[in-house]
Amino acid sequence: MFIEFKKQSWDKNDYIQLQNFLYQNVDATYREFNKKIVKTKLPLLGVRVPIIRKLASNIAKGNIRDYLKICKDETFEEALLHGFVLAKLKCDFKELIFLFDDYITVFENWAICDMTVSSLKQFTKNQKAGYDYLIECINSENPWKVRVGLLLMLSFYINEFYIDDIIKNCKFVSSRSFPSISLTYDYRKPDYYVKMGNAWLLSVCFIKFPAKTKTFLEKYEIDEKTYKMTVCKITDSKRVPNERKLYLKKLAKNYPSQKA
């Protein structure tokens, strides 16, 4: 049974009720599945995403700001809910960016990062200001913030106006390096998620603007790991003709050794 959380004010007891609701909707099978694909230091309850989205929509009908003052990021689900609710806040775009930038500090896994970024529909109506912000993101020393910038481009900016600049930014991000320290809760290093985000962005650029992206890939101007991830993402797509996939595989195979 769904409990109403459309509240005009939130207190400690209200939030405990919300946490109890999450625990009542735990799916143990889904939790074990999610643990295999989401590496997080946060406790993972196993609440399915559609339930969390529905809960966020319900909260958003009430006083969002009051919820945001009291919400916690103690579990994966709470952190994800935080982002979904924040994305529904109707406010000045500068305020949204301020709040979202603070929220980024809790990012430590691809799932929360990617799902919350794609929910920020306000970027569609604030393209210039949003693009200025994502440029700030890709210049950050925080690899998760860099991934945010890449995913913002992927979600809201792959169009005729921005495509050339996006490709330049993909080259720039590829040239960057991050501390080579392993995450305590994941065997991968932080820059893996930057490279994968960059590859994902380039693969969608190829699908939407094949000629421009193909010309870029023929120049081998990104690092080998990102390059091969990009080709893998493209060749996995059903929207790319087989002859193009074969051509890109050949390009990847012939990646110049001096660039490796």
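Up top is the structure these notes are about.
Here the structure is a predicted model, which is why all the values come from computation and not from measurement.

Caption draft 1: Structural context of empty space enclosed by the protein. For the coordinates displayed, the defined rule picks out one cavity of 30 Å³ or more. Its volume calculated, the largest cavity comes out at about 50 Å³. Looking at the largest cavity, the residues that line it are Val173, Ser174, Arg176, Phe178, Asp191, Val194, Lys195, Asn198, Asp223 and Thr226. When contributions to the lining of the largest cavity are tallied by element, the ones reaching two or more residues are helix 10 (163–174) and helix 11 (190–208). For the lining of the largest cavity, the element with the highest residue contribution is helix 11, accounting for four residues. Each residue belonging to the lining of the largest cavity can be placed in one class, and the counts come to three nonpolar, three polar and four charged.

Caption draft 2: Just the packing of helix 8 (residues 127–138) against helix 9 (residues 143–156), in detail. Close contact between helix 8 and helix 9 brings their axes to 7 Å; oriented N to C, the two are set at 145°. At the point where helix 8 passes helix 9, the crossing takes the left-handed sense. Residues Gln127, Tyr131, Tyr133, Leu134, Glu136, Cys137 and Ile138 of helix 8 form the contact with helix 9, whose participating residues are Lys145, Val146, Val148, Gly149, Leu150, Leu152, Met153 and Phe156. Here the residues of the contact of helix 8 with helix 9 sort into eleven nonpolar, two polar and two charged.

Rules of the game
Residues numbered from 1 in each chain as written. Predicted model: local features only at pLDDT ≥ 70, side-chain atom pairs only at ≥ 80, totals over all residues. Heavy atoms only, no water. 1 Å grid on protein atoms, 1.4 Å probe; cavity = no way out; pocket = protein on both sides within 12 Å on 5 of 7 lines; lining within 4 Å. Points joined across faces, edges and corners; volume = space filled by probe spheres on them. Helix = DSSP H or I, 4+ residues; strand = E, 2+ residues; numbered from the N terminus. Nonpolar A, V, L, I, M, F, W, Y, C, P; charged D, E, K, R; others polar. Axes fitted to C-alpha atoms, helices over the stretch in contact; angles between N-to-C directions. Left-handed = near helix turned anticlockwise from the far one by under 90°. Contact = heavy atoms within 4.5 Å.

Note that every value here comes from positions in space, so none of it alone points to a role or purpose.
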